[in-house]
Amino acid sequence: DSDSYKSCLHPDGTWGRAVHVPQLSGAYRDTRTAASRTGLELFLSLDVTGRSGGIGGQDPWVSARKSRSDPWSIPVNPGATVNTSSFEGAPSLSFDESVLYFFSDRPGGSGETDLYCVTRTRRVPGSGPPHC
């Protein structure tokens, strides 16, 4: 369906060729990536069909790496703090990396899909996968 690709920005302002990122791509819909300001975390919306660890139909997941030159880790589901059995997606991280925003159609909201956020303590870069 949809997969993740990367393209590097060259010093002259042009973009390089898009390269498939297999560890961020699954057999189904993988969309709406949001990289942290540091480039050490990447949040993305993943269809949980056929993917171990999913909670709802689509969930925000997170991948991390120790440095910008390291490969991305296999995405992990941040769990019930963020995801429910409902449809969540479109993750976006605040500039200071302490708040994760996302939408959900979980019961108790104001409409069909509502915006939610969770906060976390500041993460030490390179300390492993983040915990929301």
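Scope of this entry: the structure provided in the associated data block.

Here is what the cut-offs are and how they apply
Residues numbered from 1 in each chain as written. Predicted model: local features only at pLDDT ≥ 70, side-chain atom pairs only at ≥ 80, totals over all residues. Heavy atoms only, no water. Helix = DSSP H or I, 4+ residues; strand = E, 2+ residues; numbered from the N terminus. Buried < 20%, exposed > 50% of the residue type's maximum accessible area, 1.4 Å probe, protein only. Pairing = 2+ DSSP bridges. Axes fitted to C-alpha atoms, helices over the stretch in contact; angles between N-to-C directions.

## Some words on unusual backbone geometry
- Within the chain, R32 stands out as a residue other than glycine whose phi angle is a positive 50°.
- As for its placement among the helices and strands, R32 is situated in strand β3 (residues 30-35).
- What makes R32 partly exposed here is its relative accessible area of 47%.

## Observations regarding the sheet that holds strand β5 (residues 58-64)
- An order of β3-β4-β5 is seen for the three strands of this open sheet, with the pairing classed as antiparallel. Bordering the open sheet on either side are β3 and β5, each of which pairs with just one other strand. Taken over all neighbouring pairs, the strand axes of this sheet differ in orientation by 25° on average, direction set aside.
- Taken together, the four bridges between β3 and strand β4 (residues 41-47) define a ladder with antiparallel strand orientation. Paired with T31 across the bridge in β4 is S45.

All we've got here are geometric facts, nothing functional implied.
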